[in-house]
Structures are given as structure tokens and as C-alpha cells.
Amino acid sequence: MPSVQQSTRRRSSATPSTKSSLKSKVALESSSVERPPLDVCAEINHRIRSNETLRAPRFDFAHHVRHRSYVFRLMDFGEEECSTFLDAGVDALLPDRSRMASSSNPLKPNFDIRESKGKGLGMFARRELYDGEVILQEHPVVVSPYLIGLSMPLADIYADLFKRLSRPAYSELMALSKSSCPSLKDASVYESIMRANALGVALNVPNVDHAELAIHRGIFLKTSRCNHSCGPNAKWDWDMNTFSLTLTAVRTIAKGQEITIPYIAPDLPGAARRASIQQQYGFECQCYHCTYKLEEDFNHSDMARESLRRAWSSDCKLPSFEKWCTEPAYPDDLLINAYKRSLHLIEAEGLEVLDLGPGEHPERDVGRYKDALAMCYGALEDTENFRIWIARVRDGRMTKKPTQSLAFNKWLSNPSSFPVWGWRRAVCGGGDANGIHGLSAIEKMLDCI
Ligand SMILES: [Zn+2]
């Protein structure tokens, strides 16, 4: 494997004006490149190619290491700083520094970091947090490639990466949890912290052969305190343009309740989730969904998640709202029952986190289910149920779009003013057959008002 040819420069101290430009290059010379052992290549190739998150089905480790040249950098975000060790091509594509503004967090945090029983420290809501509320924005403190193609020990690279930070940031980083993974029992404390706390963040990679993997390991000092749950109440989104993460509540979080995120795909069956957590992080999941008393509760949870996977698959053939309105052969409650069941399963299993936002997997959009139920009851002229669901839709949007409340209040007081009121009763309208995907949602109606 390539080796480091030029020693790196360490920072003893840095003023803010020099921090953002501080950079030292670790150069690799092609003459020094040796082919990694075949068994090592085969093992790494299998691991990378089979990892769906990495999206690198043709990854070739032997070629990968020959094309690497790394750069250290220290970025300054005012209150935060970030030490990076990146492929030179990726480093060159980092977004403009002006876009990487300081995180805009409220002066008074809406969370506390304190002891979580049996889990070390955790993050807790200081007050009630509403569904969709931003809990915090944060820049990473450390970013490194998912896989480092150097022959020097990872411990040395991570030590160098960590020690470039100022003393307070370094101390905070070193205080994060260490991995309890058996495979890392002989690893350095730096590697252990990386493995236990890093989140997968995507960076721009050059469009060249054997480019760096887009997914990198990023550590966030505050978000790293969020413990895992298989029914998490918060999600995190990475924005590579601002080089920051946003932590958001995905349902109402009561004051004092622990804020949790998923470390692994939460829609997997229970046994697979627990095995994955054990293998990747070295702990036994103690979340609500993994500590039922009765075997039948585990089975019930697995069936619920499987049922949701089926409902979200392309095999699920529900008619669109428009088609249901115009086709008398469909039962009145066809869509209502299907949407209610999905909503019930999402809420019971705590899978609101799988709603990825506008445009992405619309079939998992919790808000769209609620919209659809209000629309179905409206189309059926069922005043009582329409009022229940349109009020829920309104309440879910109030914090994000308070100006829309006027329209919702108008529909509540006068349901017949709702744009699709009585559509199914009148057997009118037309449309596509894409189920909830093609639903003319309430958003469209609001645009027309
Ligand atoms: Zn769990």
C-alpha cells in the first residue's frame, strides 16, 4: 500500500485568521505504491461493494489506494472548528467557505446533555419540542475518508487529525464514548472514538476513475451524544454545501425525554437490527422496541415493520385519490383504511424518521397520509371526520407555515369550501393511477387560495 512520503505539519497554536487556511499535504509517490495483499483486497472489496450506503458496487481497493493523495486542513467556524483529512481531489471540491457560516443555534440550547441510564451520556429535551423543530445545527469537528488507503497505522493518522484541534475541542472530542466493539479492543483510543461516534456524511468527489468514496466519517460533538433507538424521535440531515448537520425532531418530544437517532436502518427486522448494532457498535440495543417482555410483542413489531415495507413497495397498488373519487367500484373506505393503517403502524413503531422530506420516498411521508385522510373524508362529505383530520393537518403545519392557518380555519368552519368537497359523492374529476404518489395534496389547494 502507499506510504506517507512527507511528514505532516503540526499546529502548536493558531489564531482564527490562520486557522481556516492552515493546510498541509501528505503526498504519495506512485513509485512507492505496492499492491495490497490479495486477501486484504478481497475482504475490503466485499465489505465496500456490499455496503448499500456507500453505493460503490465496483469498488477496487488495489486501484483505490494507488490514486490517493491526502490533505490535512483545519477549518474555523467561529465557535466551532473542524479538522479534516481528505483525498486531495475531495478537498479541492469543498464548498466555498462563505457558505459554511457559523451554525445558527438559539442562544439557549433546547436540550441538555446528561447521564442516560445504562447508556453513558445522552441528549434530553429541555422543553417540549414540536414535530419538525430544529434541535441544533452543527459543523463536524473531524472528517476523514470512510476508508484510508495508507499503510501507516490508523492510530497515527487519527492522532494527527485530532491533535490539530484547539485544546478545548480536542478535550471534548476525547471525552466522547469509546467503542465497545470486540474487534476494536486493541485499537487506539482515537480509532475507537471514530468508530463509535462517526456519522456517514457525503462530500463531493471528482468525476474521475477510482475517485474517493463519497461517504466520509464525520464526528459531531453534540449530536454524538444522541443515543440510538429503533424508533427514534429525531433525525439528522447533512448538507454538504454548508458543511453542517441539522438535527430535527420527527415527532413531538416531551420535556425531559431523551432525544434519539437511528444508528442503523430502523425498518429492518428486530434480530437483524440488534445484530447490526452489536457488530458495528458493540452494544446491545436497549430501546423500547428491543426490550419487550413478551415474545409475541417482538413478533408483532416485526410484522408491523414488514407490513410497512410492503405498503411502501412498488407492488402496493392503491388507486390514486382522483381514481378512487371517480370509480364507484372502489369501497368508500379503501384509501381511508389503508392510510390509517400505515399511519398507525408508523406511529406505533416510531418510524416517522423514515419520512425523508419532500420528494424523497413520498410513500413514507407522514404529512401526506394526514393530507390524504382529510381529502378522502372531504370527498365523502363526512363533516365530522373531515374536521378531525383537517385540524390535524393544520396543527402539523402551524409551526412551519403559520400563515396557512387562515385557509385551514376557513375549511374547518365551512367544510363545503374545501376544494375537493363531495368529489366522490359527485363522481367527478379525473386523474392518474399512482396512488399516494400522484396525490394532488393540500399544498396544491393552498396555492390556489
Ligand atoms: Zn432497538
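Residues numbered from 1 in each chain as written. Predicted model: local features only at pLDDT ≥ 70, side-chain atom pairs only at ≥ 80, totals over all residues.

Participant: Would you mind going over the overall build of the chain in detail, with residue names and values included?
Facilitator: Regarding its fold elements, the chain presents 16 helices and 13 strands. In the chain, the share of contacts with a sequence separation of at least 24, taken over all contacts with a separation of at least 6, comes to 67%. (Helix = DSSP H or I, 4+ residues; strand = E, 2+ residues; numbered from the N terminus. Contact = placed C-beta atoms within 7 Å.)

Participant: Summarise the pairing of strand 3 (residues 81-87); cite the residues concerned and give the values.
Facilitator: Here strand 3 lies mainly inside the structure; seven of its seven residues are buried. Looking at chain direction, strand 2 (residues 70-76) and strand 3 are connected through seven bridges and run antiparallel. Residue pairing across strands places Val 71 opposite Leu 86, the latter belonging to strand 3. The antiparallel hairpin formed by strand 2 and strand 3 contains four residues in its connecting segment, where Gly 78 sits at a positive phi of about 85 degrees. Examined bridge by bridge, strand 3 and strand 7 (residues 142-145) share two bridges and lie parallel to one another. (Buried ≥ 20, exposed ≤ 12 C-beta atoms within 10 Å, placed from the backbone. Pairing = 2+ DSSP bridges.)

Participant: Go over the sheet that holds strand 12 (residues 244-249), please, and point to the residues and values.
Facilitator: Reading across the sheet, the three strands line up as 6-12-11 and stay open at both edges, with antiparallel pairing between neighbours. Only two strands of the sheet have a single partner each, and these edge strands are strand 6 (134-138) and strand 11 (234-239). Ignoring which end each strand starts from, the neighbouring axes of this sheet average 15 degrees apart. As judged from the six bridges shared by strand 11 and strand 12, these two strands associate in the antiparallel manner. (Axes fitted to C-alpha atoms, helices over the stretch in contact; angles between N-to-C directions.)

Participant: Can you explain the sheet that holds strand 4 (residues 111-116)? Please cite residues and give values.
Facilitator: Spatially, 4-5-13-10 is the arrangement adopted by the four strands of the open sheet, whose pairing is mixed. Lying at the two open borders of the sheet, with one neighbouring strand each, are strand 4 and strand 10 (227-228). Across six bridges, the pairing between strand 4 and strand 5 (residues 120-125) is antiparallel. Across the sheet, Phe 111 pairs through a bridge with Ala 125, a residue of strand 5.

Participant: Explain the packing of helix 9 (residues 295-312) against helix 11 (residues 334-349) residue by residue, including any values.
Facilitator: Remark: helix 9 packs on helix 11, axes separated minimally by 10 Å, with the N-to-C direction vectors making an angle of 135 degrees. In this view, helix 9 runs oblique relative to helix 11, as classed from their interaxial angle. Between helix 9 and helix 11 lies a crossing whose hand is left-handed. The residues of helix 11 that touch helix 9, namely those facing Ser 301, Ala 304, Arg 305, Ser 307, Leu 308 and Ala 311, are Ser 342, Leu 345, Ile 346, Ala 348 and Glu 349. The residue makeup of the contact of helix 9 with helix 11, split by class, is six nonpolar, three polar and two charged. (Parallel < 35°, antiparallel > 145°, perpendicular 65-115°, else oblique. Left-handed = near helix turned anticlockwise from the far one by under 90°. Nonpolar A, V, L, I, M, F, W, Y, C, P; charged D, E, K, R; others polar.)

Participant: Pulling in residues and values, what's your account of unusual backbone geometry?
Facilitator: In this structure, His 210 takes a positive phi of about 55 degrees despite not being glycine. Relative to the helices and strands, His 210 resides in the loop between strand 8 (199-202) and strand 9 (215-219). With a phi close to 55 degrees, Phe 243 is a non-glycine residue in the positive phi region. Looking at where Phe 243 falls in the secondary structure, it is placed in the loop between strand 11 and strand 12.

Participant: Lay out the nonpolar core in plain terms, naming residues and giving numbers.
Facilitator: Ile 135, Val 142, Ala 234, Ile 259, Ala 372, Leu 373 and Ala 374 are the most contacted members of the largest nonpolar core, which has 72 residues in total. Of all the elements, helix 12 (residues 366-379) adds the most residues to this core, at nine residues. Both domains that meet at this core, namely domain 1 (16-281) and domain 2 (296-447), each give it at least three residues. Of all hydrophobic cores here, the second largest spans eight residues; its members include Ile 48, Phe 59, Phe 61 and Leu 213. (Core = buried A, V, L, I, M, F, W, Y, C linked by C-beta atoms within 7 Å. Domains from an automatic or database assignment.)

Participant: So, the environment of Met 75: which residues are in play, and what are the values?
Facilitator: Relative to the helices and strands, Met 75 is located in strand 2. On a C-alpha basis, the gap between Met 75 and Pro 140 in space is 10.0 Å, while along the polypeptide they are 65 residues apart.

Participant: Summarise the packing of helix 5 (residues 154-163) against helix 7 (residues 189-197); cite the residues concerned and give the values.
Facilitator: Here helix 5 crosses helix 7 at 80 degrees, and the two axes come no closer than 8 Å. Taken together, the axis directions place helix 5 and helix 7 in an arrangement best described as roughly perpendicular. Where helix 5 abuts helix 7, its residues Leu 154, Ala 155, Tyr 158, Ala 159 and Phe 162 lie against Tyr 190, Glu 191 and Met 194. Residues that form the contact of helix 5 with helix 7 fall into these classes: seven nonpolar, no polar and one charged.

Participant: Residues and numbers for helix 5, please.
Facilitator: Here helix 5 has its buried residues at Ile 157, Tyr 158, Asp 160, Leu 161 and Phe 162. Buried residues in helix 5 make contact with strand 3, strand 7, helix 6 (167-174) and helix 7.

Participant: Quick one: what's the story with helix 13 (residues 383-398), residue by residue and with numbers?
Facilitator: Here helix 13 is 16 residues long and its end C-alpha atoms lie 22 Å apart, about the 22 Å a rise of 1.5 Å per residue gives. Turning to helix 13, its buried residues are Phe 386, Trp 389, Ile 390, Val 393, Arg 394 and Arg 397. With its buried residues spanning 145 degrees around the axis, helix 13 presents them on a single face. (Expected span 1.5 Å × (residues − 1). Arc of directions from axis to C-beta.)

Participant: Could you give me a rundown of the pairing of strand 12, with the residues and numbers involved?
Facilitator: By the bridge criterion, four bridges tie strand 6 to strand 12 in an arrangement that is antiparallel. Within the sheet, the bridge partner assigned to Glu 138 lies in strand 12 and is Leu 245. In this structure, the hairpin formed by strand 11 and strand 12 is closed by a connection of four residues, where Phe 243 is found at a positive phi of approximately 55 degrees.

Participant: Go over the confidence of the model for the chain, please, and point to the residues and values.
Facilitator: Predicted confidence across the chain gives a mean pLDDT of 84, with 84% of residues reaching 70 or more. Per-element averaging of pLDDT across the chain places helix 1 (residues 16-19) at the bottom with 32 and strand 13 (residues 258-261) at the top with 97. Here residues 1-22 scores under 50 on pLDDT; set against residues more than four positions off or in separate chains, the count is 48 contacts. Scored below 50 in pLDDT, residues 428-440 makes 34 contacts in the model with residues more than four places away or belonging to other chains. (pLDDT = per-residue confidence, 0-100.)

Participant: I'd like to hear about the environment of Asn 233, residue by residue, with values.
Facilitator: Mapped onto the fold, Asn 233 is located in the loop between strand 10 and strand 11. Spatially, the C-alpha atoms of Asn 233 and Ile 259 are 6.3 Å apart, while their sequence positions differ by 26 residues. Beyond its immediate chain neighbours, meaning those up to four positions away, Asn 233 contacts Ala 249, Val 250, Arg 251, Ile 253, Ile 259 and Thr 260.

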